[in-house]
Amino acid sequence: MRVLLATDGSKDAVTATGWLKTFPLPEDATVLVLTVAALPSTAVEAETMKNLREAVLADARRVGEEARKLIEPRWPGVDARVSEGDPRHEIVRTAEEWKADLVVIGARGLGAVKGFLLGSVSRGVTRHAPCPVLVVKGEPRRLQSAVVAVDGSEDSLHALRFFAPFARGLKVRLLYVIEQLHFPSSAPRLIRAQIKGALAEFQRERKTEAEQTLRRAAAGLEGKAKSVKLSFPAGIPGEEIVRVANEQGVGLVVVGARGLGAVAGFFLGSVSEKVLLHARCPVLIVKRSRGGQGGGREPQA
């Protein structure tokens, strides 16, 4: 498995590095540390700009080397690389050219030049990276539990398959959010009663479908996860995933990057972004390749 760790030396980036040390990756994983030297566009004289560039590059090399030394005890062959440009573009470009299976990045923080928010970087990388992205937030801690959002789409099932090898010894909650449908309040009373009954029946069918989907999904975690619980609350998918994750205090949320939700046209992409913004723990966003087939290489057990 090839893991690209993007760091800029900020607090969140250091947290991501520390968190990666304890994440249950394969011991034979290949890790590359990438630091991007982001230079401002300015009309200053050439000599001044040259000195600034050299200073920014030197700082980027220092940051990368510190991260490399931190994770080197676990992965002795870890390498560090410095790139120049817009961090969003450079991280995605490197992930594509290096054929990364996973990108790890902090949630937000200052980049190589003060004022460059990593928040926009993490969102940009999540949207455009050719492989799954792990966005780290909160304090580093040993991973013990995870929530995996499943909606029956191939994208969400691919996310579960990608995560499965990491589930060893974890308490996993599989979550299928049943989106509630509402009838128009302006409808005549008799029609409303009929619609209400039809919607109640539809919700019961959805619950049965959700339970069957989660039971099939749970089979893929047999012999790996310490325990698997199934949940199928009703509500708005993004909000329910965040609520369950935050209330349970889990260590990781796993979501697919896109896919159809309970109502045709409801894209899981908006769900993944809501989870990314509001979950208090790290979020693993798994996408399939742009060609529509299984994205990246699923890690081996």
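Residues numbered from 1 in each chain as written. Predicted model: local features only at pLDDT ≥ 70, side-chain atom pairs only at ≥ 80, totals over all residues. Heavy atoms only, no water.

Q: Please set out the confidence of the model for the protein residue by residue, giving values where relevant.
A: Within the protein, residue pLDDT values average 82, and 78% of them lie at 70 or more. No element of the protein has a lower mean pLDDT than helix α6 (residues 189-219), at 77, and none a higher one than strand β7 (residues 171-175), at 97. Counted against residues more than four places away or in other chains, residues 109-118, with its pLDDT under 50, gives 30 contacts. The model gives residues 291-295 a pLDDT under 50, and that stretch makes eight contacts with residues more than four places away or in other chains. (pLDDT = per-residue confidence, 0-100. Helix = DSSP H or I, 4+ residues; strand = E, 2+ residues; numbered from the N terminus. Contact = heavy atoms within 4.5 Å.)

Q: How would you sum up the pattern of salt bridges? Please name residues and give values.
A: Evaluation of the coordinates by the stated rule reveals 15 salt bridges. A salt bridge links Arg93 to Glu90; the nearest nitrogen and oxygen atoms lie 2.7 Å apart. A residue pair is termed a helical-turn pair when its members lie 3 or 4 positions apart in one helix, as Arg93 and Glu90 do in helix α3 (residues 87-98) at three residues. Judged by relative accessible area, which is 12%, Glu90 ranks as buried. Close ionic contact of Glu209 with Arg206 constitutes a salt bridge, the shortest N to O distance being 3.2 Å. You can see Glu209 and its partner Arg206 sitting in helix α6, three residues apart, about one turn around the helix. (Salt bridge = Lys/Arg side-chain N within 4 Å of Asp/Glu carboxyl O. Buried < 20%, exposed > 50% of the residue type's maximum accessible area, 1.4 Å probe, protein only.)

Q: Can you lay out the packing of aromatic side chains for me, pointing to particular residues and giving the numbers?
A: Within this structure, the stated rule accounts for three aromatic pairs. Look at Phe162 and Phe166: their rings are 5.7 Å apart centre to centre, the planes differ by 75°, and that puts the pair in the edge-to-face class. When its relative accessible area of 0% is taken as the criterion, Phe162 is described as buried. A relative accessible area of 1% means that Phe166 is categorised as buried. Just above the ring of Trp98 sits the side chain of Arg2; from NZ or CZ to the centre is 4.2 Å. (Phe/Tyr/Trp six-rings, centres within 6.5 Å; stacked < 30°, edge-to-face > 60°. Lys NZ or Arg CZ within 6 Å of the ring centre and 35° of its normal.)

Q: So what about the nonpolar core? Which residues, and what values?
A: In this structure, Phe163, Leu174 and Leu252 are the most contacted members of the largest nonpolar core, which totals 45 residues. With residues up to four places along the chain from it excluded, the contact list for Phe163 reads Ala146, Val148, Leu170, Val172, Leu252 and Val254. One finds Leu34, Ala129, Ile241 and Val250 within the second-largest nonpolar core, a separate group that totals 37 residues. (Core = buried A, V, L, I, M, F, W, Y, C linked by side-chain atoms within 4.5 Å.)

Q: Describe in detail unusual backbone geometry, supporting the description with residues and values.
A: Note: most peptide bonds trans; most residues except glycine with negative phi. In this model, Lys99 sits at a positive phi of 60°, which is unusual for a non-glycine residue. Looking at the secondary structure, you find Lys99 in the loop between α3 and β4 (102-106).

Q: Account for α3, naming residues and giving values.
A: Between its first and last C-alpha atoms α3 spans 16 Å; for 12 residues at 1.5 Å apiece the expected length is 16 Å, and the two agree. Along α3, the residues that are buried comprise Pro87, Glu90, Ile91, Val92, Thr94, Ala95 and Trp98. At the exit of α3 stands Lys99, carrying a positive phi of roughly 60°. (Expected span 1.5 Å × (residues − 1).)

Q: Which residues make up helix α7 (residues 237-248), and what values do they have?
A: Here α7 spans 16 Å end to end across 12 residues, near enough to the 16 Å set by a 1.5 Å rise per residue. Among all positions in α7, only Pro237, Gly238, Glu240, Ile241, Val242, Val244, Ala245 and Asn246 are buried. Of the residues flanking the end of α7, it is Gly249, one or two places downstream, whose phi is positive at about 65°.

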